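Listed below, chain by chain, are the residues.
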Amino acid sequence: MLMKIDRLVLEEIHECFPRLPRISWAFDTYQVEAAVGAAIQFFNATIYFFNENFEALGLSQELSHELLQILDRLIEEWAPYVTDTTVNEDVSQGISEFYRQLIKLVPKEGNAACVLSVISENLYQVAHLLSRVRKHLLVNETSRVGYFKDE
């Protein structure tokens, strides 16, 4: 059932904006800081986008506030894994371009659902990326603990 829902979401995105590129989240899971840095950049850009466009997207102020709180908590949770040196300019530019395109589309009648769908798809990809990072961190922590037990 989940596979069907995933397919529907992807088809909906392509029907709405066939030429709108999705952000590429292809990172090596061993590049933890870079992956987390990109995720945080996306969360920050999403917060800004929702702050500026929640009414045009048909979101209530309450729902928008809840979404922003979730994104803020995610940023706080992952911030310790990032340093200033991990900011990737290509990723930053890709995220900025992504939201510049969406900002142009939001005001047009009937686009709100499609814009939210595209953002949701990217949030899903970021969640998947962070899941891979979390697994990597857990594996490294487990192997480090096991290493020190033998000494």
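Everything that follows concerns the structure shown earlier in this document.
What you see is a predicted model; the values in this text were computed from it and never measured.

Q: I tried to follow the overall build of the protein chain on my own but got confused; where do I start?
A: A count of helical and extended segments in the protein chain gives five helices and zero strands. Listing the helices and strands of the protein chain from first to last along the sequence gives α-α-α-α-α. Relative to its 151 residues, the protein chain shows a buried fraction of 37%. Relative to all contacts within the protein chain whose residues are 6 or more apart in sequence, the contacts with residues 24 or more apart total 78%.

Q: Explain helix H4 (residues 89-105) here, please?
A: Think of an α-helix as 3.6 residues a turn; residues three or four steps apart then line up on the same face. With 17 residues, H4 should cover 24 Å at 1.5 Å per step; its first-to-last C-alpha distance of 24 Å lies within 8% of that length. Looking at H4, one finds that the buried residues are Val91, Ser92, Ile95, Phe98, Tyr99, Gln101, Leu102 and Leu105.

Q: Is there a simple way to explain the pattern of salt bridges in this structure?
A: Oppositely charged side chains are able to pair whenever their charged atoms sit close together. For the structure on display, the rule yields two salt bridges. Note that Arg134 and Glu77 form a salt bridge whose closest N and O atoms lie 2.2 Å from each other. Of this pair, Arg134 sits in helix H5 (residues 112-149) while Glu77 sits in helix H3 (residues 61-78); the two residues are 57 residues apart in sequence, bridging distant segments of the chain. The exposure class assigned to Arg134 is partly exposed, which follows from its relative accessible area of 35%.

Q: What am I meant to see in the nonpolar core here?
A: The tendency in soluble globular proteins is for nonpolar side chains to be buried side by side. Phe49, Tyr99 and Leu102 are the most contacted members of the largest nonpolar core, which has 34 residues in total. Where this core is concerned, the elements lending two or more residues are helix H2 (32-53), H3, H4 and H5. The dominant element in this core, judged by the number of residues it contributes, is H2, at 12 residues. Leave out the neighbours within four places in its chain, and Phe49 touches Leu57, Tyr99, Leu102, Ile103, Val106, Val115 and Ile119.

Parameters at a glance
- Within every chain, residues take consecutive numbers counted from 1 along the sequence as written.
- Note on the predicted model: pLDDT of at least 70 is required for a residue's local features to be given, and 80 or more for side-chain atom pairs to be given and counted; whole-chain, interface and lining totals, by contrast, use all residues.
- Side-chain numbers come from the whole structure's heavy atoms, not from hydrogens or water.
- Counting from the N terminus, the helices are DSSP H or I runs at least four residues long and the strands are E runs at least two residues long.
- Whether a residue is buried, partly exposed or exposed follows from its accessible area with a 1.4 Å probe, protein chains only, as a fraction of its type maximum: under 20%, in between, or over 50%, in that order.
- When checking whether two residues touch, look at their non-hydrogen atoms; a contact exists if any pair is within 4.5 Å.
- Multiply 1.5 Å by the residue count of a helix minus one, and that product is the helix's expected span.
- What makes a salt bridge here is a side-chain nitrogen of Lys or Arg within 4 Å of a carboxyl oxygen of Asp or Glu, nothing more.
- For the purposes of this section, nonpolar cores are sets of buried Ala, Val, Leu, Ile, Met, Phe, Trp, Tyr and Cys residues that join through side-chain atoms within 4.5 Å.

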